[in-house]
Number of protein chains: 2
Amino acid sequence: MTTAEIITIGTEIVLGQIVDTNTAYIAETLTKNGIHVLFTTSVRDDAELLKSALNIAKERVQLIITTGGLGPTENDITRETVSHLFNMPLIPSSEPYANIPQCADTLHESAMKLKSIPAGALVIPNEHGTAIGFALKHEQTDLVCLPGVPREMHQILSSYLKIYKAQHLAEEYRIVTRQFHTFGMPEFEINKLIKECDIHRNSIKTMTLVHDGIVTVNVSTSSLIKEDALQSLDTAEKTLRKILGQAIFGTDDTSLEHAVFELLKEKNATIAVAESCTGGLVSDKFTNIPGISDYFLEGIVAYSNKAKINILHVPEDYIKIHGAVSEQVAKSMAKGIRKISGATIGIGITGIAGPGGGSDQKPVGLVYIAIAGDNFTEVKKCRFHGARISNKHFAANTALNMTRLKLSQLFNPHQGKS
Amino acid sequence: MTTAEIITIGTEIVLGQIVDTNTAYIAETLTKNGIHVLFTTSVRDDAELLKSALNIAKERVQLIITTGGLGPTENDITRETVSHLFNMPLIPSSEPYANIPQCADTLHESAMKLKSIPAGALVIPNEHGTAIGFALKHEQTDLVCLPGVPREMHQILSSYLKIYKAQHLAEEYRIVTRQFHTFGMPEFEINKLIKECDIHRNSIKTMTLVHDGIVTVNVSTSSLIKEDALQSLDTAEKTLRKILGQAIFGTDDTSLEHAVFELLKEKNATIAVAESCTGGLVSDKFTNIPGISDYFLEGIVAYSNKAKINILHVPEDYIKIHGAVSEQVAKSMAKGIRKISGATIGIGITGIAGPGGGSDQKPVGLVYIAIAGDNFTEVKKCRFHGARISNKHFAANTALNMTRLKLSQLFNPHQGKS
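Note that the structure is predicted; figures quoted are calculated from it, not measured. Counting starts from 1 at the beginning of each chain's written sequence and moves along it residue by residue. Chain letters and ligand numbers both follow the written order, the letters beginning at A and the numbers at 1. In keeping with the model being predicted, local features are shown solely for residues with a pLDDT of at least 70 and side-chain atom pairs are shown and tallied solely at 80 or more, while totals for entire chains, interfaces and linings include all residues.

Turning our attention to the overall build of chain A. In this description a helix means any DSSP run of H or I spanning at least four residues, a strand means any run of E spanning at least two, and both kinds are numbered starting from the N terminus. Per the secondary structure count, chain A includes 14 helices and 17 strands. Counting other C-beta atoms within 10 Å of a residue's C-beta gives its exposure: the residue is buried at 20 or more, exposed at 12 or fewer, and partly exposed in between, where C-beta atoms are placed from the backbone. Here chain A holds 418 residues, and the buried ones make up 47% of them. Contacts in chain A between residues far apart in sequence, at least 24 positions, make up 63% of those at least 6 positions apart. A residue pair is marked as a contact if its C-beta atoms, positioned from the backbone, fall within 7 Å.

See below:
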C-alpha cells in the first residue's frame, strides 16, 4: 500500500491564524483511495524549512502531497523550493491557461510565475483558478503540489487521483472503510457492545470518534481483492446494525440534519423550528442542505419572552409560573411554530446555553426540547455540560435526533426497534 | 526566541475524519507568548511513528508540544512512547486526582494509566478531566504532553505557559503581534495601500488573510524590549487605521458580530433579524455571544413565501411583482421584523444561496440585504460567487457589516469617515 505524507505550506497555519481544513480533506480523500497517510506536517512560508520538511518526508513515505504556496506573490515558495531541492529548473509550462489574464501588463510577472513548473513535472490544470498543480517523480518519491485554495485544491487532487489510479490499478481498493454515525448511545457503551460481538473477523478494524454528541464508528478492512474487502465490510455492517439498531442515523457523509431531510422527503412531511437557546443553529443546519426549501418552512428564534408570547403564542402564564426554560414552554413553542407554519412537525427548544443565566434549580446546560405533530407532543429534558457554543450544538443535535426517531416511527407504526 | 513544534497524535486526524483545531489553538497561543512555531505534525496512534516524529522534532526545535494520546485506552500511546524514547520509566504520580473515579473497580486499570507519568516529569493537573498533562526536559529539548480534549488541553496549556514564562522571563515578549480585521475592502486594495504607506519601519511585518469576506491584516514586530515593540506596534496601528479607516471593525479576537454587539451596547440599541437565504446563520452568530440576550430580540427564518407574508407582513404583491428575491422584499422583511419585535434595528436578507434556484435574471449568489431603523431603510444588492454555505457566510457577514457601519453613524451624525 502506498504510504503518504501531507505537507501544508503557510505561515498563517503555523501561527494558528487559520484552522487548516485542507489536511483533513486530503487525508480523507487519500484514505478512501487506499493510500495510507502516515504523517501530516505544516510549515511556514520559508524555503529552508520547507526543504527540510520535504527531505524528511522523502525518507519516510512514498507519496508527498503539498498544498499551498503556489500563488503569484513572493511568499509563494513551493515551485522554487521544489525546483531547487530536486534540481529541476523552472520552465514555462506549455498548457494554455484560460484562467490567467493574458492581456493585463501589470500581471505579466505574476502570470509567468503561475505558469512555471519544474522541468519534467506533469501539469495538472486548474479549472477554477490561476495556480496550476503539478506532479513529479524524483528517485523513489512521488510529489504532488496542489494550491491552497480549497475549491481549486479539491479539483486538482481529484484530477491527480485519476492519474494515480491508472498507475496503481493492481493495488487499488486494497483498503475499504465505512463510517457509521450514531446518536443517543454513549461511546463507552458502543465500544462495549463492539467488543462483545464478533465483528473483528476478516481483518475488520473499528475505531470510535465523538463530536457534539455524535459517536462515529469507523470500520475498515483490507484485502487484495476489492470484492472480498467489500463483502467483509457488508458482514460487519450487518453486525453493527444489529447491535446499534436505531442509534445509527447514517453512513459516511450523512449528517444528522441530512438524515432528517431524507426522512422528510420519504414521508412527504414538512418541518418548522422555534428556537431559544440554540439561537437559529437548527435552522442554519437545515438550510445548509441544498433542496431543503420544500421541506423546511420556517424558523423562529424567539430569544425574548415577548417573541415567545407574541409570535409563538406561548401563554404568558406558562412563562410566569414555570419559567421560560420549562417543559411547558418548550411544548408550547413546538405547538406554536407548527400551527403558524402549517408544518407536519414543529420543534421547540428552550434552555440555558450559559455561561450566565443559570441557577440552582435551572443550571447552565439545562435544555428542554419538544416536538409536536398531528396527535402528539413530546418533550425531553436534557443537561449538557459544555461551554455556550458546545451546548448549542449538543441541543441542536439532540433535537434533530428526536425528530429523526419520531419521523421514522410516525408513519410506519409497525417499524419497531430491531 | 524559543522554537517549537506541535505534534498532534490521532489516527482520526491522519485519516481526515476530523479537522484538527487543536493545532491552530496551540500555535496561536504559543505565538502570542513569543514562541516561534516552525512546524506542526500529525501522526497516527502508532508508537513507532510517534517515536520517529519526536526524534525529528528534537533535532529541529527546542520545545515540543504534543496533544492527544493521554486517555485510558490501548490506543493512547503518548505516555508509553515518551517513557520508552527518553528512557524515563512510568511511575504513578503523587498528585491527588479528584477527577479520576477511585471506587469503580472496573476502572482501576484505566485510572492507574491516567495517573502515571514518566519519572522526573512535572505533573500539570487537569481541572476539567481525568488525563493529566506533564512536562519534561531531555537534553536540550523541552517536551510538554497535553490531552486532546480541547477544553482540557486549553487549561493545561495555560498552566504550562505560566511555568514557561517564569523560566523565560528575560526572553519574554520579544515578539508582539496584533491582528486588524476589516470588511468591505478587497485584499489586493488593502495590500496596495499597505505597500504605499510607510508602515514597514521598526521591523514591522504585515501579512493579510481572507476568510468569508473578512480580510485580516496581521502586524508583528520584535524587539529585545517589550515596550519598544509595543510602541512600534502602536505607531503601525495609527498608520493602518489612517489608510483603512472604517473598514477595520476590530482587533485580535473580535468577530464581526462582536463588533456589532459592542455598538449595540454603546448605543443602547436592540436588533432583530429576518433571514431567508442565510437560514438562521445571522441569528446563530449573534447568539454565540454570551450576554447578547439583552440586545438581540428575535430572529425569523422566513424560508417560505407564506412565512414572509404571514409573519413578516411582506405584501403578497411584492413577491408576485418583484419576486421573493428583490430589493422590495428585503426592505419589507427588515421593516416587518423591526415592527413585530420592537427592535431599534431590523435586518432583512433574501437571496439565492444555490446550487439550485438561479436564473439568468436572478443568478445563484444574488442576495439583497436591507436594514431598517427609525427613519431609514437601506438595501444593498450583492452577488456572491461561492458554494451554498460560503454564500450564506458572505451574506451574513455583509449584513453584519452594514449594521456595524449604520450603527456607528446613526447616533453620532458628526462622526464621518476619517
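Resuming the write-up.
Bringing the domain arrangement of chain A into the picture now. As assigned here, chain A comprises domain 1 (3–171), domain 2 (175–251) and domain 3 (256–410). Just so you know, the domain bounds were taken from an automatic or database domain assignment. Computed from C-alpha atoms alone, the centre-to-centre distance between domain 1 of chain A and domain 3 of chain A is 45 Å.

Only residues with pLDDT of at least 70 in both copies count here: their C-alpha atoms drive the least-squares fit that superposes the copies. By a simple turn and slide, chain A fits onto chain B: the slide is 0.2 Å along the axis, the RMSD is 0.2 Å, and the turn is 180°. A rotation of that kind, with that shift, is consistent with a two-fold axis. With an isologous cut-off of 70% or more, the 100% of interface residues of chain A that recur at the interface of chain B puts this contact in the isologous class.

This part is about the interface of chain A and chain B. A common way to report how large an interface is uses the accessible area buried once the components associate. Every contact between the two is made by 63 residues of chain A and, on the other side, 63 residues of chain B. Amino acid classes used here: Ala, Val, Leu, Ile, Met, Phe, Trp, Tyr, Cys and Pro are nonpolar; Asp, Glu, Lys and Arg are charged; the rest, including Gly, are polar. Considered class by class, the residues forming the side of chain A that touches chain B number 31 nonpolar, 24 polar and eight charged. In this description, strands pair whenever DSSP reports at least two bridges between them. Both strand S14 (residues 296–302) of chain A and strand S14 (residues 296–302) of chain B contribute to a ladder of five bridges, which runs antiparallel. Bridged to Gly 299 of chain A within S14 of chain B is Val 301 of chain B.

Residue and element names in this part refer to chain A. Multiplying one less than the number of residues by 1.5 Å gives the expected span of a helix. For helix H6 (residues 150–167), which comprises 18 residues, the first-to-last C-alpha distance of 25 Å matches the rise-based estimate of 26 Å (1.5 Å per residue) to within 8%. Of all the positions in H6, only Glu 152, Met 153, Ile 156, Leu 157, Tyr 160 and Tyr 164 are classed as buried. Projected down its long axis, H6 shows its buried positions confined to an angular sector of 120°, all on one face. Away from the buried face of H6 by more than 90 degrees, exposed residues Ser 158, Lys 162 and Ala 166 are located. Looking at the buried residues of H6, the elements they touch are helix H2 (22–32), strand S3 (63–67), strand S6 (122–124), strand S7 (133–138) and strand S8 (141–146). Comment: arc refers to directions from the helix axis out to C-beta atoms.

The next subject is the sheet that holds S14 of chain B. Pairing is mixed across the open sheet formed by ten strands, whose spatial order is S17(A)-S16(A)-S15(A)-S13(A)-S14(A)-S14(B)-S13(B)-S15(B)-S16(B)-S17(B). At either end of the open sheet lies a strand with only one pairing partner, and these are strand S17 (376–383) of chain A together with strand S17 (376–383) of chain B. Taken pair by pair, the neighbouring strands of this sheet meet at an average axis angle of 10°, ignoring direction. Two strands pair when backbone bridges link them, and strand S13 (residues 271–275) of chain B and S14 of chain B are joined in this way by five bridges, in the parallel orientation. Across the sheet, the residue bridging to Ala 272 of chain B is Glu 298 of chain B, located in S14 of chain B. To obtain each axis, a line is fitted to C-alpha atoms, and for helices this fit is confined to the stretch in contact; angles are then taken between N-to-C directions over 0 to 180 degrees. In the packing of helix H13 (residues 327–341) of chain B onto the sheet, contacts are made with S13, S14, strand S15 (345–351), strand S16 (366–373) and S17 of chain B, and the angle to S15 of chain B comes to roughly 145°.

Read across the open sheet, the twelve strands follow the order S6(A)-S7(A)-S8(A)-S3(A)-S1(A)-S2(A)-S2(B)-S1(B)-S3(B)-S8(B)-S7(B)-S6(B); overall the sheet is mixed. Here the strands that pair on one side only, and so sit at the sheet edges, are S6 of chain A together with strand S6 (122–124) of chain B. Averaged over all pairs of adjacent strands, the angle between their axes in this sheet comes to 20°, without regard to strand direction. Direction of pairing for strand S7 (residues 133–138) of chain B relative to strand S8 (residues 141–146) of chain B: antiparallel, over a ladder of five bridges. Considered in S8 of chain B, the bridge of Leu 136 of chain B is made with Leu 143 of chain B.

Turning our eyes to something else, we now look at the environment of Leu 256 of chain B. All names here are of chain B. Note on placement: Leu 256 falls in helix H9 (residues 256–267). Assessed through the 23 C-beta atoms surrounding it within 10 Å, Leu 256 is described here as buried. Expressed as a C-alpha distance, the spacing of Leu 256 and Thr 182, which sit 74 residues apart in the sequence, is 8.9 Å. In this view, Leu 256 contacts Phe 183, Ile 214, Phe 249, Asn 397, Leu 400 and Asn 401; residues no more than four positions away in its chain are not counted.

So, about the nonpolar core. A set of buried Ala, Val, Leu, Ile, Met, Phe, Trp, Tyr and Cys residues, joined through C-beta atoms within 7 Å, is what we mean by a nonpolar core. Core analysis: the biggest nonpolar cluster contains 142 residues, and Met 333 of chain A together with Met 333 of chain B have the highest contact counts within it. Ranked by size, the runner-up nonpolar core spans 92 residues in total, among them Ile 6, Ala 131 and Leu 146 of chain A together with Ile 117 of chain B.

The next subject is the packing of helix H3 (residues 47–60) of chain B against helix H4 (residues 78–85) of chain B. All names here are of chain B. Relative orientation of the contacting elements H3 and H4 amounts to 55°, with a least axis distance of 10 Å. If you check the angle between H3 and H4, you find them oblique. Regarding H3 and H4, the two cross each other, and that crossing is right-handed. From H3, Ala 47, Leu 50, Lys 51 and Leu 54 reach across to H4, where they touch Glu 80, Thr 81 and Leu 85. Between 65 and 115 degrees an angle is taken as roughly perpendicular, under 35 as roughly parallel, over 145 as roughly antiparallel, and anywhere else as oblique. By the definition used in this description, the sense in which the near helix is turned from the far one sets the handedness, with an anticlockwise turn below a right angle giving left-handed and a clockwise turn giving right-handed.

A separate point is H3 of chain B. Spanning 14 residues, H3 of chain B covers 20 Å between terminal C-alpha atoms, matching the ideal 20 Å at 1.5 Å per step. Residues Leu 50, Ala 53, Leu 54, Ile 56 and Ala 57 of chain B constitute the buried set of H3 of chain B. Viewed end-on, H3 of chain B has its buried residues packed into an arc of 165°, placing them on one side of the element. In H3 of chain B, the exposed positions that point more than 90 degrees away from the buried face belong to Glu 48, Asn 55 and Glu 59 of chain B. Where H3 of chain B is buried, its residues meet strand S2 (36–43) and helix H3 (47–60) of chain A together with strand S1 (3–9), strand S2 (36–43), strand S3 (63–67) and H4 of chain B.

Moving on: unusual backbone geometry. All names here are of chain A. Cis peptide bonds are those with omega within 30 degrees of zero, and the linkage from Gly 354 to Pro 355 qualifies with 0°. On the secondary structure map, Pro 355 appears in the loop between strand S15 (345–351) and strand S16 (366–373). A positive phi angle, near 55°, is found at Asn 87, a position not held by glycine. Within the element layout of this structure, Asn 87 appears in the loop between helix H4 (78–85) and strand S4 (90–92). Overall, Asn 87 belongs to the exposed group, with 9 C-beta atoms counted inside 10 Å.

Let us look at the packing of H2 of chain A against H6 of chain A. Between two packed helices, the angle of one axis relative to the other and the distance separating the axes together describe the packing. Residue and element names in this part refer to chain A. Where H2 contacts H6, the two axes come as close as 11 Å, and the packing angle between them is 15°. Judged by the angle between their axes, H2 and H6 are roughly parallel. Seen from above, H2 lies across H6 with right-handed handedness. Here Asn 22, Tyr 25, Ile 26 and Thr 29 of H2 lie close against H6, whose contacting residues are Pro 150, Met 153, His 154 and Leu 157. Counted by class, the contact of H2 with H6 contains five nonpolar, three polar and no charged residues.

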